Amino acid sequence: MTTDKQDVLAINTIRTLAMDAVQQAHSGHPGAPMSLAPVAYQLWQQELRYDPSHPIWPDRDRFILSNGHASMLLYALLHLAGVKRVTREYTVEDAPTVSLEDIKKFRQLDSSTPGHPEYRWTSGVETTTGPLGQGVSNSVGMAMASRWLASYYNRPGFEMFGYDVYAICGDGDLMEGVASEAASIAGHLQLPNLCWIYDSNHISIDGSTDLAFTEDVGRRFEAYGWRVLRVPDANDLNAMGEALRTFKTARGKPTLIIVTTQIAYGAPKLQGSSKAHGEPLGDEEIKGTKRFYGWPEDEKFLVPDGVRERFQERMGARGKQLRTEWEQKFAEYRKQFPELADQLERMQRRDAPQGWDAELPTFPADAKGLATRDSSGKVLNAIAKHYPWLVGGSADLNPSTKTYITGGEAMKPGEYAGRNIHFGVREHAMGSIVNGLCLSKLRGYGATFLIFSDYERPAIRLSALMELPAIHIFTHDSIGVGEDGPTHQPVEQLASLRAIPGIIVLRPGDANEVVESWRVIAQQRKHPVVLVLTRQPVPTLDRSKFGAASGVARGGYVLSEAEGGKPEVILIGTGSEVSLCLDAQEKLKADGIPARVVSLPSWELFEAQSQEYRDSVLPPSVRARVAVEKGATFGWERFVGHDGNIVAMRSFGASAPLKALQQKFGFTADHVAQQAKDSLKKTKTRP
Ligand SMILES: Cc1ncc(C[n+]2csc(CCOP(=O)(O)OP(=O)(O)O)c2C)c(N)n1
Ligand SMILES: [Mg+2]
């Protein structure tokens, strides 16, 4: 493709829209969109297999703007390409996802142009970016998903999946550890369909990258096993086009295209300066830049005739044809492979496959019991048999997390049919890759010890922000890990995960609560779930004696009613502390105090119930309460009230056998019973 006038006009339209929008908003980053406009333009016009009139076509190429601060680049592209809006229930509407009005309302309330690209908020945004490093890491999950989908769904003559994944990123992305983790595993897996385009402008916010980032990025990526290509001038569309073609023809490994750019290209004073970052250029500088581009300097938000048409003629026409062909092929595919076609459609709507629960087990009562990580491993496997697109793994802890799908292959370099992913010791990238799988409509899961959830937390947060049904599995959930000591004993992690809006944290108390937890998980479409499991055995409760485990779906339920049905005190437990509460209930009974035991595996599910239901489980009239959890006390006040007591952790743990730790930190039936009596006394002495 030669640089003809129409191309230059379109590129300058992207640049000037970005400048004008940032100026009007009095905030935002104009510099990166200005320099990256030709790079993104060439990619979209020449290669991207994308139909703007159907932005959720399953086999579309994915485009990610990992340097989310350059959001105006993406919004300008979405606008000029005429990408349509999609409803939350996956209907494509005849309305633009980003109108010119939206661009004029950049960063304003309810516009489709928030400060950083938000998945679900603006159709055409394939993932939320802004926290640097996340977008590129998501792209690895998407590229894995593309290959997995191809190996599961494709049949001879029916290539239903084969999309490529492109991510533009900046210095900031490549400085972040998570991107290194993700690039490392992408290189290991030789992902042939992954292309990162690196905006190498030697600038970040503090100034020159000489201040803090001087390594040879190209050689680093070569060492990861990537192909590294260089485009010495971002404005050279031919060179960019050639690099993209090399990516598409050479394959065999992921590709990094290093593009040398100048931030705020064309701005007379600010070009190449970090001042073009995070603030508007100012009216004078904008005029000067427009003059440089040969643009009418007083025009604002100008889209010259022919620019939108240019996108329609190339990317639009190509995408529409590809998508239409795909749909025709899919109609034939449905005839030949009705079951697969049905699965593909269910998956796209984030519905579970039919019969996913056909082999869900029930566990018989057993005083010795088993660790919830073990029961979870069994349930995961029972579901996996009927849930083909449940795909995931652990960060090098399979024997501990029990998250390997037995009989299933692992994903390997060049072979992507496996459903088990060896993430390696890369928790953060694991979280971001799981998000990438979920963005591709797989049910992705990742697993590690609860203590290391901290290493994964930014990705967990984004799974909630994006409303992805990601499954975050954490075992070794408390001081119950014993001898490994304080470094491996989570304390504040439960509270901090519960603090993330939209996440469902589940800490089941026995094997049958684990089954019911997975029932909740399997049916999620928009909420990530954090599943918290023990390493040590917990008794499997006799459900003929106690409340049904199906109460898990309501977050909390009466597990064991007080003798006589009139509790004087309520014991609330989660996970391994549920059976401890039952023991304490017996002690209290012996002392003539009727106590109710409530199992509360999920605060979030419980709080979503009606006031009436919650009051039936925790009657406001019963003020004597004890909450028992081997985590931080933080937050339990809301359930125990002013007179209640909390048996929980107030310090880090210690290295010792579990029995000694239980004694030291008060997790004994005697101590819980004593705390109950103390609470009861408070209710009687305090009006
Ligand atoms: C994880 C994270 N840390 C910090 C920031 C704040 N931040 C936004 S842009 C930026 C500099 C990015 O530099 P670069 O990627 O080179 O972008 P350029 O200035 O070249 O556009 C920083 C530190 C962020 N968005 N995410
Ligand atoms: Mg930079």
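Residues numbered from 1 in each chain as written. Chains lettered and ligands numbered in written order. Predicted model: local features only at pLDDT ≥ 70, side-chain atom pairs only at ≥ 80, totals over all residues. Heavy atoms only, no water.

## Describing the packing of aromatic side chains
How two aromatic rings sit relative to each other is set out by the distance from centre to centre and by the angle between their planes. All told, the structure shown has 28 aromatic pairs when counted by the stated rule. Taking 5.6 Å as the distance between ring centres and 75° as the angle between the ring planes, the aromatic pair formed by Tyr387 and Trp389 counts as edge-to-face. We classify Trp389 as buried; its relative accessible area is 1%. Consider the rings of Phe452 and Tyr455, whose centres lie 6.0 Å apart with planes at 70°: the pair is edge-to-face. The exposure class of Tyr455 is exposed, given its relative accessible area of 54%. Taken together, the aromatic side chains of Trp148, Tyr152, Tyr153, Phe161 and Tyr163 make up a single cluster linked through ring pairs. Sitting over the face of the ring of Tyr163, Arg62 holds its NZ or CZ atom 4.0 Å from the ring centroid. In this arrangement the basic side chain of Arg554 is found over the ring face of Tyr613, its NZ or CZ atom lying 3.9 Å from the centre. (Phe/Tyr/Trp six-rings, centres within 6.5 Å; stacked < 30°, edge-to-face > 60°. Buried < 20%, exposed > 50% of the residue type's maximum accessible area, 1.4 Å probe, protein only. Lys NZ or Arg CZ within 6 Å of the ring centre and 35° of its normal.)

## Quick notes on the pairing of strand 5 (residues 194–200)
The element strand 5 is extensively covered by neighbouring structure, given that seven of its seven residues are classed as buried. Here strand 5 shows a buried face lined by Leu194, Trp196, Tyr198 and Ser200 and a second buried face lined by Cys195, Ile197 and Asp199. Inspection of the sheet shows strand 4 (residues 165–170) paired to strand 5 by six bridges, in the parallel sense. Each residue of the ladder has a partner; that of Tyr166, found in strand 5, is Cys195. Bridge analysis of strand 5 against strand 9 (residues 255–260) gives six bridges, and the strand direction is parallel. Paired with Tyr198 across the two strands is Ile258, which belongs to strand 9. (Helix = DSSP H or I, 4+ residues; strand = E, 2+ residues; numbered from the N terminus. Pairing = 2+ DSSP bridges.)

## Description of the UniProt feature "binding site: substrate" (unreviewed entry) in the chain
The UniProt feature table records "binding site: substrate" (unreviewed entry) at His29, His277, Arg373, Ser400, His476, Asp484, His488 and Arg535. Annotated residues spanning 507 residues; largest pairwise C-alpha distance 48.3 Å, indicating distribution over more than one region. Turning to its location among the elements, Asp484 is positioned in the loop between strand 14 (471–475) and helix 17 (493–498). By the secondary structure assignment, His488 is in the loop between strand 14 and helix 17. Dropping the residues within four chain positions of it, His488 is found in contact with Phe449, Ile451, Phe452, His476 and Val481. (UniProt positions renumbered as here; feature names shortened; annotations may be inferred. Contact = heavy atoms within 4.5 Å.)

## Points about the sheet that holds strand 14
Taken together, the six strands give an open sheet; going across it, the order is 12-11-13-14-16-15, and neighbouring strands pair in parallel fashion. If you trace the sheet from one side to the other, it starts and ends with strand 12 (420–422) and strand 15 (504–506), each paired once. If you compare each strand with its neighbour and ignore which way they point, the axes differ by 20° on average. Alignment of strand 13 (residues 443–449) against strand 14, held across five bridges, turns out to be parallel. Considered in strand 14, the bridge of Gly446 is made with His472. Packing against the sheet, helix 13 (residues 372–384) makes contact with strand 11 (390–394), strand 13, strand 14 and strand 16 (529–532), and its axis sits at approximately 150° to strand 11. Sheet strands touched by helix 15 (residues 427–439): strand 11, strand 12, strand 13 and strand 14. Its angle to strand 13, the strand with the most contacts, is close to 165°. (Axes fitted to C-alpha atoms, helices over the stretch in contact; angles between N-to-C directions.)

## A few points about unusual backbone geometry
The phi dihedral of Asp396 is positive, around 65°, even though this residue is not glycine. Within the secondary structure, Asp396 sits in the loop between strand 11 and helix 14 (398–401). The phi angle at His476 is positive, at roughly 55°, despite the residue not being glycine. Assignment of secondary structure puts His476 in the loop between strand 14 and helix 17.

## As for the environment of Phe452
In this fold, Phe452 is placed in the loop between strand 13 and helix 16 (453–465). Separated by 37 residues in the primary sequence, Phe452 and Gln489 have C-alpha atoms spaced 9.8 Å apart.

## Some remarks on the domain arrangement of the chain
For the chain, the assigned domains read domain 1 (5–262 + 299–323), domain 2 (366–540) and domain 3 (554–685). Relative to domain 2, the C-alpha centre of domain 1 lies at a distance of 31 Å. Listed as interface residues are 35 residues of domain 1 and, on the opposing side, 36 residues of domain 2. Around 2,900 Å² of area is buried between domain 1 and domain 2 when both sides are counted, 62% of it from carbon and sulfur atoms. (Domains from an automatic or database assignment. Buried area = accessible area lost by both parts, 1.4 Å probe.)

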